[in-house]
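Architecture and fold: a report
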Amino acid sequence: MSLSSSNTDKKGMDKFQLISKTVQEQRSTADAYPCSKTLTITDLPDDCLRHVHKRLEARTVYSSFGLHLKSLCLGGLPEVTDYAISQIQLFGSEVRFLWLKDLIKYPDKKLCLIFSSLPHLEVVCLSGTRITDKGLEVLAKCCASLERVDLGNCQQITDEGLKVL
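In this text, all values refer to a predicted model and were calculated from it rather than measured experimentally.

Considering the side chain of Ser117
- Inspection of the secondary structure assignment puts Ser117 in the loop between α5 (108–115) and β3 (123–125).
- At 3.2 Å, the side chain of Ser117 forms a polar contact with the backbone oxygen of Leu113.
- Ignoring sequence-local partners within four residues, the contact set of Ser117 consists of Ile88, Gln89, Gly92 and Ser93.

See the structure below:
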């Protein structure tokens with residue numbers, strides 16, 4: 001894998017190339033031992049991923065690198081910021097699996113913002129959230145590909161809400 005940019009800083013690229021070399025060595029090891037884990041971009045260290053992210057300036061560039069977010073786990077986080085929601089809105093169109101278990105601080109309004117950005121969602125875990133019938137209605141409208149919804153320990157939904165799914 002190689003990346004180039006007309007205004008890259010030498011120090012950052014040296015670090016990235018060093019990390020890439022380490023990853024390549026690990027891949028060689030993985031080839032020698034077929035039972036070992038195959039590396040993906042998610043195996044890169046956070047600082048390397050941040051460097052890649054900074055260099056990717058347009059949404060179409062993400063697609064050209066094959067960086068399609070398929071699974072998103074936000075469950076148990078103390079806070080999902082407005083910035084995180086805006087990033088989901090930008091890059092979440094291919095998400096198929098969403099885990100929001102125990103996001104107890106978030107009312108329907110924030111959950112609906114997330115749902116509206118995930119048109120291809122197939123599986124969602126809402127166990128322990130504060131979702132209501134209205135939130136389920138938005139989920140059903142925004143995510144036509146839904147196959148499975150986990151609503152365990154969701155105390156604010158009724159039979160009416162379940163009917164819309």
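Digging into empty space enclosed by the protein
- Counted by the stated rule, this structure contains one cavity of 30 Å³ or more.
- Estimates place the volume of the largest cavity at around 30 Å³.
- Around the largest cavity sit Val80, Ile85, Leu103, Tyr106, Lys110, Leu111 and Ile114, which together line it.
- Tallying contributions element by element places α5 first for the lining of the largest cavity, with three residues.

Some remarks on α5
- Those residues of α5 not exposed but buried are Asp108, Leu111, Cys112, Ile114 and Phe115. Across the axial projection of α5, the buried residues extend over an arc of 155°, all falling on one side.
- Elements that come into contact with the buried residues of α5 comprise α4 (82–91), β2 (97–99) and α6 (133–142).

Definitions and cut-offs
Residues numbered from 1 in each chain as written. Predicted model: local features only at pLDDT ≥ 70, side-chain atom pairs only at ≥ 80, totals over all residues. Heavy atoms only, no water. Helix = DSSP H or I, 4+ residues; strand = E, 2+ residues; numbered from the N terminus. Polar contact = N/O pair within 3.5 Å; in protein donor to acceptor, adjacent residues only side chain to side chain. Contact = heavy atoms within 4.5 Å. 1 Å grid on protein atoms, 1.4 Å probe; cavity = no way out; pocket = protein on both sides within 12 Å on 5 of 7 lines; lining within 4 Å. Points joined across faces, edges and corners; volume = space filled by probe spheres on them. Buried < 20%, exposed > 50% of the residue type's maximum accessible area, 1.4 Å probe, protein only. Arc of directions from axis to C-beta.

Limitation: the analysis is restricted to geometry and does not speak to function.
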